[in-house]
Every structure is written in structure tokens, then in C-alpha cells.
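For reference, the chains in residue letters:
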Amino acid sequence: MDKLLESDLYGPVREYLEKLGYEVKGEVKGCDITAMRGGELIVVELKRGFTLELVYQAMDRQRVADGVYVAVPLPKKGYISPRVREMQSLCRRLELGLIFVGFTSGGIPQVDVFVHPKEAAAPRRNKKRRLAVIREHETRTGSVNTGGVSRKKILTAYKEQALLTARLLRDNGPARVKDVKRLGGPPNAAAILSRNVLGWFEREEAPEGRVYLYRVNHSGLKALTQYEDIL
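All values reported here derive from a predicted model rather than from experimental measurement.

Q: Before we move on, can you summarise helix α2 (residues 52–61) with the specific residues and values?
A: Within α2 the residues assigned to the buried category are Leu54, Val55, Gln57, Ala58 and Arg61. Seen along its axis, α2 keeps its buried residues to an arc of 165°; they face one direction. Residues of α2 that are exposed and point more than 90 degrees away from the buried face comprise Leu52 and Tyr56. Tucked inside the fold, the buried residues of α2 contact β2 (31–37), β3 (40–46), β4 (67–73), α3 (82–94) and α4 (127–139).

Q: Please give an account of the sheet that holds strand β5 (residues 97–103) that cites residues and values.
A: The strands that make up a sheet pair up through hydrogen bonds in the backbone, lying either parallel or antiparallel. Spatial ordering of the open sheet is given by β1-β2-β3-β4-β5-β6, a layout of six strands whose pairing is mixed. The outermost strands of the open sheet, each flanked by one partner alone, are β1 (23–28) and β6 (109–115). For this sheet the average axis-to-axis angle between neighbouring strands, irrespective of direction, equals 25°. In the sheet, β5 pairs with β6 via six bridges, with the strands oriented antiparallel. Paired with valine 101 across the bridge in β6 is valine 111.

Q: I'd like a description of the packing of aromatic side chains, backed by residues and values.
A: Scanning all chains against the criterion turns up three aromatic pairs. Both rings, one in tyrosine 79 and one in phenylalanine 100, keep their centres 5.9 Å apart while their planes meet at 80°; by these two values the pair is edge-to-face. Taken as a pair, tyrosine 79 in the loop between β4 and α3 and phenylalanine 100 in strand β5 lie far apart in primary sequence, 21 residues in all. Phenylalanine 100 sits in the buried class, given a relative accessible area of 1%. Between tyrosine 79 and phenylalanine 114, the aromatic rings sit 5.5 Å apart at their centres with planes inclined by 25°, giving stacked as the arrangement. Pair noted here: tyrosine 79 is in the loop between β4 and α3 and phenylalanine 114 is in strand β6, with a separation of 35 residues, a long-range link. Ring pairing ties together the aromatic residues Tyr79, Phe100 and Phe114, which thus form one cluster. The ring of tyrosine 212 carries arginine 203 above its face, with NZ or CZ at 4.0 Å from the centroid.

Q: Give a description of the nonpolar core that names residues and reports values.
A: Within the largest apolar cluster, 24 residues are counted, with the highest numbers of intra-cluster contacts made by Phe50, Val70, Leu98 and Phe100. Contributions of two or more residues to this core are made by β2, β3, α2, β4, α3, β5 and α4. Those residues in contact with phenylalanine 50 that lie beyond four places of it in its chain are Val55, Val70, Val72, Arg83, Met87, Leu90, Cys91 and Leu98. Membership of the second largest hydrophobic core comes to 19 residues, among which are Leu155, Ala162, Leu169 and Leu193.

Q: So what about unusual backbone geometry? Which residues, and what values?
A: What you tend to see is this: most non-glycine residues have negative phi, and most peptide bonds are trans. Of note in the backbone geometry, glutamate 27 takes a positive phi value of approximately 55° without being a glycine. Locating glutamate 27 in the fold gives a position in strand β1. Phi is positive for asparagine 196, which is not a glycine, with a value near 50°. One can find asparagine 196 in the loop between α7 (189–195) and β7 (201–205).

Q: Run through the pattern of salt bridges, naming residues and quoting values.
A: Considering all chains together, one arrives at twelve salt bridges under this definition. Between arginine 170 and aspartate 171 there is a salt bridge whose closest N-O contact spans 2.9 Å. You can call aspartate 171 exposed: its relative accessible area is 51%. Through salt bridges with shared partners, one network takes in Glu45, Asp60, Arg61 and Arg129.

Rules and cut-offs
- Each residue is numbered by its place in its chain's sequence as written, counting from 1.
- Owing to the predicted nature of the model, reporting of local features is limited to residues with pLDDT of at least 70; listing and counting of side-chain atom pairs is limited to 80 or more, with chain, interface and lining totals taken over all residues.
- Water and hydrogen atoms play no part in the side-chain values, which are based on all heavy atoms of the structure.
- Three exposure classes are used, based on accessible area relative to the maximum for each residue type with a 1.4 Å probe and protein chains only: buried under 20%, partly exposed in between, and exposed over 50%.
- What counts as a helix is a DSSP run of H or I of at least four residues, what counts as a strand is a run of E of at least two, and both are numbered from the N terminus.
- By arc we mean the arc of the directions from the helix axis to the C-beta atoms, nothing more.
- Contacts are assigned to residue pairs with any non-hydrogen atoms lying within 4.5 Å of each other.
- Whether two strands pair comes down to DSSP finding at least two bridges between them.
- Axis definition: a line fitted to C-alpha atoms, over the contacting stretch in the case of helices. Angles run 0 to 180 degrees between N-to-C directions.
- Stacked, edge-to-face and tilted labels apply to pairs of Phe, Tyr and Trp rings (six-membered ring for Trp) whose centres lie within 6.5 Å, assigned for plane angles under 30 degrees, over 60, and everything in between, in that order.
- Charge-over-ring contacts are defined here by two conditions on Lys NZ or Arg CZ: a distance within 6 Å of the ring centre and an angle within 35 degrees of the ring normal.
- Residues grouped as a nonpolar core are buried Ala, Val, Leu, Ile, Met, Phe, Trp, Tyr and Cys residues, joined through side-chain atoms within 4.5 Å.
- One side-chain nitrogen of Lys or Arg within 4 Å of one carboxyl oxygen of Asp or Glu is enough to make a salt bridge.

In C-alpha cells:
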């Protein structure tokens, strides 16, 4: 248990939520886990221990989510630990949910939702931040990020779209924006190529003029190699 990482909690919690019909993503706009079902947004923050930092993070997430949980390992003494009741009392007062993740002697994870949160009141929510979290969650095509990780590259929806664009240019050669879209590129291909935020693309004027041909450069090819396992 001492060697348990925050990321070790992600798999069991994700599986639990998916069984309830939620679509689950990791590391979305600073949230360890976001889960959506219909228009409902749930956030789960993961920590190796029940700390003040965890409580602060969870209270901040109440500004964007319909319900917020904190997920921690079950204490060594189990449910007889006095800390369990203390955590339960605090979470209820703060309208947070509490999830314990325990492991059997065979290493099988067990998820226990010990406290359910109250739905955050609408006036408390930050509509702009909430929309940004939902948009990022919905735009990603998969859940390749593990919640609770640190110092590990995170694949955002924008980067995922840029990688798709780079792969199409690598495989098909220099192309116009409309050609990239025709090949299956993202709807925002024009913005990705013209702004070139990640520095992965180069452009040149097409022979017919007034339009540009785009190609993927060395940095873009390197990124495709780095994310090859994900792609």
C-alpha cells in the first residue's frame, strides 16, 4: 500500500464508472477523471492519502461538475480506522463524494463509494470553465491518458487533432487544407495548419497561387514517433 501511486487508482475507478454507463476520460483540464452520462458531468480527484490539498482541489472542481468525488486507498486498518469517520464527516459537510479503493491479498481492486456527493448548486458553477471541461472531454476520441499521472505527456483534444493532421501529411505528402479535410482530417484543420501552435508544419504557396500547400516538418515527424503507441 505504501508504494501505491495515484495512477494505480485510476483503472479501478474508471472501470467502476464505466459499468454505470459513464464515458470516462483521464486528465481533462486538470481533473484527474471526468465522467459523462447524458448531460451529467462527474469529476473524481485521486490521491494516495486524504490531504488538505485533495480537499482544496475537490472544492474547486465543484465549480464545474454536477458531482465531485475524492478517491483514496482504503486505510491500512480498514473501516475500523478512526480516520474513516473523520473523512466521512468532512466530505458530507463539504458535499463531496468519498471513494475508497482497496486491494485483496491477490491484488484484485475493490471500489467502495462510501459517500455520495450532493449535486453542486447551479449558481456555484463557473459556466465558462464547465463548458471548457465538457468540450475537451467530448472532443477526445479515446481515453489514452491515465488520471493522477505526473511528469507524463498528456494528449489533449487539440494535440490529438494536430497529430491526425500531421499523419495525413506524412502519409500523403504536401496538401491544401481542403485536401487534408477530404482525407479525413479534423474540421479545424485550417486553424491547426495556419496558426501552427505546436510548430509541426511548414507552408509554401501552391502553383495556382492564393492558396498554400502544407507539409509536416521534422518536429512533427518526431511527435508522430513519440505518440506512435497511442496513435
